[in-house]
Amino acid sequence: MNKDVTLTCTCGALCAKLLNVGPQHGTHIVCHCDDCRAANNHLGLDDPGAEGVDLYQTSPSNLKILKGGENLGVMKLRQAGILRWYAKCCNTPMYNTMKSPKLPFVGVVTSTMEDGADIGPVKTRGFVKNNGKTTHPGMRHMMAGMISRMARERISGRWKDTPFFDASSMEPVVEPIVLDKAERDAAYSGL
Ligand SMILES: [Zn+2]
Ligand SMILES: [Zn+2]
């Protein structure tokens, strides 16, 4: 079953719609990496710790901003980092994307989803730390979904339909904030 799901920041000012939500259209993952935790720390949120960050990966063409788009901000933990989009109104992490629209991918933070969204069970866990080892159970499943979705978006031209990048310049619609060293050190401290 697919349906459209409403995505809202904590305060409700930034609201989007995600189309075609269902396990066949995206991948439900949990990311346990330090970067996701550091990003939460920088935004002043509770450290997700061992629980990780719950994400639904799909194509950006499925995502439509409904209102409050002026609240959309974007940060990078380092110059080469992925784009971490958040709601500036209330510092809610919302979406992760690549640096270019030509890699059409979005990871939606599922805590922004309306209740009852059917995204299926968690299929992949990234950066699970166990006895000093880091593993990625189900990573092959995640990569297969990501690659096939990106290929379909590229072939169909739908990759140009994205709320995150300007269609002509290919630049992010908002200038990314890059953390400086002191901010980065603070964000990662205690992890
Ligand atoms: Zn908000
Ligand atoms: Zn992560």
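S.K.: Please explain the coordination of the zinc ion (ligand 1) as it appears in this structure.
M.R.: In ideal tetrahedral geometry, four donors around a metal make angles of 109.5 degrees, whereas ideal octahedral geometry with six donors gives angles of 90 or 180 degrees. In this structure, Cys-9 (SG), Cys-11 (SG), Cys-89 (SG) and Cys-90 (SG) serve as the protein donors to the zinc ion (ligand 1), at separations of 2.3 to 2.4 Å. Classification of the site at the zinc ion (ligand 1) as tetrahedral follows from its four donor atoms and the range of 104 to 121 degrees in their angles at the metal. One chain supplies every donor for the zinc ion (ligand 1), spaced along it as C-x1-C-x77-C-C. Taken as a pair, Cys-11 in the loop between β1 (3–8) and β2 (15–21) and Cys-90 in the loop between β7 (83–87) and β8 (92–97) lie far apart in primary sequence, 79 residues in all. Classification of Cys-90 as partly exposed rests on a relative accessible area of 23%.

S.K.: It is not clear to me how the sheet that holds β1 should be interpreted in this structure. Could you clarify?
M.R.: Backbone-to-backbone hydrogen bonds pair the strands of a sheet. The strands run either parallel or antiparallel. Taken together, three strands build an open sheet; the order of strands is β1-β2-β5 and the sheet is antiparallel. For this open sheet the edge positions go to β1 and β5 (63–67), each flanked by a neighbour on one side alone. Strand-to-strand, the axes of this sheet are offset by a mean angle of 30 degrees, without reference to chain direction. Bridge count for β2 against β5 is four bridges, and the pairing is antiparallel.

S.K.: In this structure, what is going on with the packing of aromatic side chains? I would like to understand it.
M.R.: Between two aromatic rings, the relevant description is the distance of the centres plus the angle of the planes. By the definition in use, this model includes two aromatic pairs. Each ring, one from Trp-85 and one from Phe-164, has its centre 4.9 Å from the other, and the planes form 45 degrees; the classification is tilted. Linking Trp-85 in strand β7 with Phe-164 in the loop between α2 (139–156) and β13 (177–178), this pair joins segments that are 79 residues apart in sequence. Of the two residues examined, Trp-85 and Phe-164, each falls in the buried class. Three or more aromatic residues joined by ring pairs make a cluster, and in this case those are Trp-85, Tyr-95 and Phe-164. Directly above the ring of Trp-159 sits Arg-154, whose terminal nitrogen or CZ lies 5.0 Å from the centroid.

S.K.: Any chance you could explain the coordination of the zinc ion (ligand 2) here in plain terms?
M.R.: Here the zinc ion (ligand 2) is held by Cys-31 (SG), Cys-33 (SG) and Cys-36 (SG), and the distances to it run 2.1 to 2.2 Å. Expressed as a motif, the donor residue spacing for the zinc ion (ligand 2) is C-x1-C-x2-C. Here Cys-31 matches Cys-33 in class, with each residue buried.

Cut-offs applied
- Within every chain, residues take consecutive numbers counted from 1 along the sequence as written.
- By the order in which they are written, chains take letters starting at A while ligands take numbers starting at 1.
- Reporting of local features is limited, given that this is a predicted model, to residues whose pLDDT is at least 70; pairs of side-chain atoms are given and counted only at 80 or more, and all residues count toward the totals for whole chains, interfaces and linings.
- For the side-chain quantities, the full set of heavy atoms in the structure was used; hydrogens and water were omitted.
- Note that water is not among the atoms used; donors are N, O and S atoms within 2.8 Å of the metal (3.2 Å for Na, K and Ca), so sites may look incomplete.
- In this scheme the shape depends on donor count and angles: four donors with every angle between 85 and 135 degrees give tetrahedral, four or six donors with opposite pairs above 155 degrees and others between 65 and 115 give square planar or octahedral in turn, and any other case is irregular.
- Only DSSP runs of H or I with at least four residues qualify as helices, and only runs of E with at least two residues qualify as strands; both kinds are numbered from the N terminus onward.
- A 1.4 Å probe rolled over the protein chains alone gives each residue an accessible area, and that area as a share of the maximum for its type sets the label: buried under 20%, exposed over 50%, partly exposed in between.
- Being paired, for any two strands, means DSSP has found at least two bridges between them.
- Think of each axis as a best-fit line through the C-alpha atoms, taken over the contacting stretch in the case of a helix, with angles from 0 to 180 degrees between the N-to-C directions.
- Aromatic pairs are defined between Phe, Tyr and Trp rings, using the six-membered ring for Trp, whenever the two ring centres lie within 6.5 Å; interplanar angles under 30 degrees are classed as stacked, those over 60 as edge-to-face, and all others as tilted.
- Only lysine NZ and arginine CZ atoms are considered, and such an atom sits over a ring when it is within 6 Å of the ring centre and within 35 degrees of the ring normal.

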